[in-house]
Amino acid sequence: MHLYSRQILLEGWDLEAQEKLKLSNVLIVGCGGIGCALAELLARAGVGKISLIDADSIEVSNLQRQMAFGPADIGFYKADILAKRLTQINPHIQVHSIVAKLDKTNADCLIASQDLVLDGCDNFTTRYLVNQICQQHGVPLISASAIGFQGQLFMVEGDSACYECLFPKEEQQNESLRCADSGVLATTPNVMASLQAHHALLYLGLNLRPLKQKLLLWNGLNMTQRILNFMHDENCASCQAR
Ligand SMILES: [Zn+2]
């Protein structure tokens, strides 16, 4: 009660909402700039079970923006170090780290039982796969990305159009648009992760879906955001397979 008292004091956020968070299972895909801040906020807020998946180990160029890591962590697996940090921050939650790439062999098993999947990965292949498997199992997805000074955030849930409706696969094969190869300001992924975590809490605690089938675009150079509606694509393979 003490730990979460500032939340429970909120108008509209009662013990029941806090209890819902405690009972929630979420999967965070990617433990980079987005995953680090996202996971930490959800752990502090009291999300009961957090699974983290990432195959990468920590490199010196990650430290500029990936807030769970310091110089002593270089060479260790991101998922393991982040999980350890979450457990230190909030010992009352369950944290599970998976050092692997999310792919066709493990995606069904990892995603099917989740209440919510949060994508913060750094490549299109994984992003399409997460979207497709969430669609197949009817698991809600909140997805964030950040590059340069800009970020995107959207939610796919229930009957909503999906990531592949929004960005048809054939138009989106440019894998060079990743932080690994392009620049990113330290703050950009952290802004997007905070918005993503905020949306996750709204959904898990209060059943709100403000970005369902909507794309939020954040422009970090002029500090504006736009929210666009997007539609079902009749040719979307992921929606047809649902
Ligand atoms: Zn679709």
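Residues numbered from 1 in each chain as written. Predicted model: local features only at pLDDT ≥ 70, side-chain atom pairs only at ≥ 80, totals over all residues.

- The name given to the protein in an unreviewed UniProt entry is HesA/MoeB/ThiF family protein, and the organism recorded there is Acinetobacter cumulans.
- Among the UniProt annotations of the protein, the heading Sequence similarities (unreviewed entry) holds the following wording: "Belongs to the HesA/MoeB/ThiF family." (UniProt positions renumbered as here; feature names shortened; annotations may be inferred.)

1. Some details on the pairing of strand 5 (residues 141-147)
Now for step 1: With six of seven residues buried, strand 5 lies mostly within the body of the structure.
Now for step 2: Across three bridges, strand 4 (residues 116-119) lies against strand 5 in parallel orientation. Paired with D119 across the bridge in strand 5 is S143.
Now for step 3: Each parallel crossover has a hand, and the one from strand 4 via helix 6 (residues 124-137) to strand 5 is right-handed. (Buried ≥ 20, exposed ≤ 12 C-beta atoms within 10 Å, placed from the backbone. Helix = DSSP H or I, 4+ residues; strand = E, 2+ residues; numbered from the N terminus. Pairing = 2+ DSSP bridges. Right-handed = clockwise from strand over helix to strand, strands pointing away.)

2. Section: the pairing of strand 8 (residues 224-229)
Now for step 1: For strand 8, the buried fraction is low: zero of the six residues fall into the buried class.
Now for step 2: Relative to strand 8, strand 7 (residues 214-219) runs antiparallel, the two being bridged by six bridges. Residue pairing across strands places N219 opposite T224, the latter belonging to strand 8.
Now for step 3: Linkage of strand 7 to strand 8, two consecutive antiparallel strands, is achieved through a turn of four residues, within which M223 is found at a positive phi near 60°.

3. Notes on the environment of F230
Now for step 1: Relative to the assigned elements, F230 resides in the loop between strand 8 and helix 9 (237-240).
Now for step 2: Its 16 C-beta neighbours within 10 Å are what place F230 among the partly exposed residues.
Now for step 3: Taking the C-alpha atoms as reference, F230 lies 9.6 Å from Y163; in sequence the two are 67 residues apart.
Now for step 4: Not counting residues up to four positions away in its chain, the partners in contact with F230 are A161, C165, L166, Q213 and L215. (Contact = placed C-beta atoms within 7 Å.)

4. Comments concerning the nonpolar core
Now for step 1: A39, L42, I50, L52, L82, L118 and A200 are the most contacted members of the largest nonpolar core, which totals 68 residues.
Now for step 2: Residues contacting L42, with those up to four places away along its chain left out, are V26, V47, I50, A197 and A200. (Core = buried A, V, L, I, M, F, W, Y, C linked by C-beta atoms within 7 Å.)

5. Details of helix 4 (residues 78-89)
Now for step 1: Compared with an ideal rise of 1.5 Å per residue, which puts 12 residues at 16 Å, helix 4 spans 16 Å between its outermost C-alpha atoms and is within 8% of the ideal.
Now for step 2: Along helix 4, the positions that sit buried rather than exposed are K78, A79, I81, L82, A83 and L86.
Now for step 3: Elements in contact with the buried residues of helix 4: helix 3 (33-45), strand 2 (49-53) and strand 3 (94-98). (Expected span 1.5 Å × (residues − 1).)

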